[in-house]
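Spelled out, the chains give:
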Amino acid sequence: MILVTGATGTIGSEVVRQLAARGEKVRAQSRDPAGARVPSGVETAPGHHRDRASVEAAMAGAEAAFLVGVFGPDDVEHDRGLVAAARAAGVRRIVKLSAIGTGDPRLGAGDPQSGEGEGEGEGEAKAEAEGEGAPRVGGFGTWHLYGEEAVKASGLEWTILRPSNFASNTLSWSQTIQEGTPALNMMGGGKQGVVDPRDVAEIAVAALLDPRHSGRTYTLTGPETLSAHEQAAVLGEILGRPVRLRDLSPEQRREQLLAAGLGEAYADALVIAARFIQDGGSDVVTEDVPEVLGRPARTYREWVVDHREAFGVS
Ligand SMILES: NC(=O)c1ccc[n+]([C@@H]2O[C@H](COP(=O)([O-])OP(=O)(O)OC[C@H]3O[C@@H](n4cnc5c(N)ncnc54)[C@H](OP(=O)(O)O)[C@@H]3O)[C@@H](O)[C@H]2O)c1
């Protein structure tokens, strides 16, 4: 049995689909198990990463677990809780979905105890810790850091996946594309190694099934780096209509995010991450996808061709 948390989401749903297609026994956790659309034969379990008891119950009898535990700066302890739940439930192998840039001081991930490396203007959010001292939570580079450390210290077989920007993030442009208005871009011309979620999921499946990936941290990118404007050009070409972007400074975007109700720590982290990307910090292509999968990483263009209907334009 393999437990997938975040099982109805971008990566989790694809992990479930691929595992089920291989005939593996899968349990998918969701806050709404009755409404979760899973392949036939897949079990569902109620709950989510913030409800430790639900995670432990979902992990009962599982040999391996896919961990999706960070949706913002308040999730650090819940992410560590997923690892503790896996240990308590006797799970043997864990695969954690992390993010590129984790641990990078330019993303606010300095020495956790001193707070060194936190970026200018960051929020002061701190998580309550269980035992090991309170982590200082700041920029994106810290959000997955404590979960990664817990994974490595767990004594279990572990693999960490640090994907770059998901190709599917551009689905957030679909409404503006349909309206013919520009989508907002806070990354300027900064390039990222846009990765296809199907490739991330395929590597997660490999790591869940094969102990040879144990002890590895994979940084997952596509085969090239693209700016948001270059992605818009590819998308526009395939959809047959212009895809326009309006550049905002990270500071302008921060004001908007705060006005929309996002917490300060979250908004500050987005500003730091946007500056990092603008400055070329994420202009990175790795060989981890081709090395693990034995084939080239999918391009953004391939992802768009396969998902063009999701943009709702004919
Ligand atoms: N997007 C990117 O470009 C990118 C890049 C690198 C790393 N990442 C990392 O990838 C992870 C997210 O993966 P994903 O995109 O596959 O997840 P997702 O689609 O955003 O969410 C996965 C599932 O988790 C549940 N969920 C969502 N928000 C929740 C919340 N606030 N509290 C409790 N449950 C929630 C939902 O399932 P139910 O409603 O069924 O419970 C959702 O379907 C994050 O840790 C992020 O840091 C993302």
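Residues numbered from 1 in each chain as written. Predicted model: local features only at pLDDT ≥ 70, side-chain atom pairs only at ≥ 80, totals over all residues. Heavy atoms only, no water.

Visitor: In this structure, what is going on with the overall build of the protein chain? I would like to understand it.
Guide: Counting its secondary structure elements, the protein chain contains 12 helices and 11 strands. For a compact globule of 314 residues, the expected C-alpha radius of gyration is about 20 Å, and the protein chain comes in at 19 Å, within 12% of that figure. Projected onto its principal axes, the C-alpha positions of the protein chain cover 50 × 45 × 35 Å. When contacts within the protein chain are restricted to residue pairs at least 6 apart in sequence, those whose partners lie at least 24 apart make up 76%. When the accessible surface of the protein chain is summed, it comes to about 13800 Å², and 46% of that surface belongs to carbon and sulfur atoms. (Helix = DSSP H or I, 4+ residues; strand = E, 2+ residues; numbered from the N terminus. Rg over C-alpha atoms; globule rule 2.2 N^0.38 Å. Contact = heavy atoms within 4.5 Å. Areas by Shrake-Rupley, 256 points an atom, 1.4 Å probe, with all protein chains shown as cover.)

Visitor: Sorry, what's going on with the site of the ligand here?
Guide: Around the ligand sit 20 residues in total, of which Thr8, Ser30, Arg31, Val70 and Asn169 are the nearest. Between Asn169 and the ligand, the recorded distance is 2.7 Å, taken from a side-chain N or O atom to an oxygen atom. With the chains in place, 75% of the 920 Å² that the ligand exposes on its own is no longer accessible. The residue makeup of the shell around the ligand, split by class, is seven nonpolar, 11 polar and two charged. (Near = heavy atom within 4 Å. Polar contact = N/O pair within 3.5 Å; in protein donor to acceptor, adjacent residues only side chain to side chain. Nonpolar A, V, L, I, M, F, W, Y, C, P; charged D, E, K, R; others polar.)

Visitor: How should the nonpolar core be read in this particular structure?
Guide: The nonpolar side chains of soluble globular proteins are, as a tendency, buried together. Grouped together as the largest cluster of nonpolar side chains are 30 residues, with contacts concentrated most on Val15 and Phe66. Counting only elements with at least two residues in this core, the list comes to strand S1 (2-4), helix H1 (10-21), strand S2 (26-30), strand S4 (64-67), strand S5 (93-97), helix H7 (197-209), strand S9 (216-220) and helix H11 (288-293). For this core, the element with the most residues is H7, which contributes seven residues. Setting aside chain neighbours within four positions, we find Phe66 in contact with Leu3, Val4, Thr5, Ile11, Gly12, Val15, Val95, Leu97, Leu161, Ala204 and Leu208. By size, the runner-up hydrophobic cluster in this structure holds 20 residues, among which are Val83, Ala150, Leu156 and Trp158. (Core = buried A, V, L, I, M, F, W, Y, C linked by side-chain atoms within 4.5 Å. Buried < 20%, exposed > 50% of the residue type's maximum accessible area, 1.4 Å probe, protein only.)

Visitor: I keep staring at the packing of aromatic side chains and nothing clicks. Help me out?
Guide: One pass over the structure, following the stated rule, counts four aromatic pairs. Centre to centre, the rings of Phe140 and Trp143 are 4.3 Å apart; their planes meet at 55 degrees, and the pair counts as tilted. Here the residue Phe140 and the residue Trp143 both occupy positions in helix H4 (residues 140-143), the gap between them amounting to three residues, near one helical turn. Looking at Trp143, the relative accessible area reads 3%, which means it is buried. Ring plane angle 15 degrees and centroid distance 6.0 Å describe the contact between Tyr300 and Trp303, whose orientation is recorded as stacked. Of the two residues, Tyr300 and Trp303 both sit in helix H12 (residues 300-307), three residues apart, roughly one turn of that helix. Taken as a pair, Tyr300 and Trp303 share a single burial class, namely buried. An aromatic cluster of three or more residues is present, and its members are Phe140, Trp143 and Tyr266. (Phe/Tyr/Trp six-rings, centres within 6.5 Å; stacked < 30°, edge-to-face > 60°.)

Visitor: Would you mind showing me how to read the pattern of salt bridges here?
Guide: Charged atoms that come close allow side chains of opposite charge to pair. Evaluation of the coordinates by the stated rule reveals 22 salt bridges. Linking Arg106 and Asp104 is a salt bridge whose minimum nitrogen-to-oxygen distance equals 2.8 Å. Note on Arg106: relative accessible area 54%, which makes it exposed. Here Asp104 falls in the buried class, since its relative accessible area comes to 15%. Salt bridges linked by common partners bring Asp199, Glu202, Arg295 and Arg298 together as one network. (Salt bridge = Lys/Arg side-chain N within 4 Å of Asp/Glu carboxyl O.)

Visitor: How should the packing of helix H9 (residues 250-259) against helix H10 (residues 264-278) be read in this particular structure?
Guide: Packed helix pairs are characterised by how far apart their axes lie and by the angle those axes make with each other. One can describe the packing of H9 onto H10 by two numbers: an axis separation of 9 Å at closest approach and a directional angle of 155 degrees. One way to sum up the angle between H9 and H10 is to call them roughly antiparallel. Between H9 and H10 lies a crossing whose hand is right-handed. Along its contact with H9, which presents Pro250, Glu251, Arg254, Leu257 and Leu258, the element H10 presents Glu264, Ala267, Asp268, Leu270, Val271, Ala274, Arg275 and Gln278. When the residues that make up the contact of H9 with H10 are grouped by side-chain class, the tally is seven nonpolar, one polar and five charged. (Axes fitted to C-alpha atoms, helices over the stretch in contact; angles between N-to-C directions. Parallel < 35°, antiparallel > 145°, perpendicular 65-115°, else oblique. Left-handed = near helix turned anticlockwise from the far one by under 90°.)

Visitor: Even after reading the chapter, I still don't get the confidence of the model for the protein chain, so can you show me in this structure?
Guide: Any segment with low pLDDT has predicted coordinates that should not be analysed in fine detail. Summing up the model confidence of the protein chain, the mean pLDDT is 91 and the portion of residues at 70 or higher is 92%. Long-range and interchain partners of residues 111-131, a stretch whose pLDDT sits below 50, account for 46 contacts in this model, where long-range means more than four residues apart. (pLDDT = per-residue confidence, 0-100.)

Visitor: How do you make sense of the sheet that holds S1 when you look at a structure like this?
Guide: Strands pair in a sheet through their backbones, by hydrogen bonds, and they do so in one of two ways: parallel or antiparallel. The strand order S3-S2-S1-S4-S5-S6-S9 describes an open sheet built from seven strands, whose pairing is parallel. Only two strands of the sheet have a single partner each, and these edge strands are strand S3 (43-46) and S9. The mean angle between the axes of side-by-side strands here comes to 20 degrees, regardless of whether they run parallel or antiparallel. As paired elements, S1 and S2 share three bridges and run parallel to each other. Its bridge partner lying in S2, Leu3 is registered against Arg27. Together, S1, S2, S3 and S4 form the strand contacts of helix H2 (residues 52-59), whose direction differs from that of S2 by roughly 170 degrees. (Pairing = 2+ DSSP bridges.)

Visitor: How should the pairing of S4 be read in this particular structure?
Guide: Looking down a regular strand, the side chains alternate between one sheet face and the other. Because side chains alternate across S4, one face comprises the buried residues Ala64 and Phe66, and the other comprises Ala65 and Leu67, equally buried. Sheet topology note: the S1/S4 ladder contains three bridges and is parallel. Its bridge partner being in S4, Val4 is matched across the sheet by Phe66. Both S4 and S5 contribute to a ladder of four bridges, which runs parallel. Pairing of Ala65 across the sheet is with Ile94, part of S5. Note that the unit made of S4, helix H3 (residues 76-89) and S5 has a crossover that is right-handed. (Right-handed = clockwise from strand over helix to strand, strands pointing away.)

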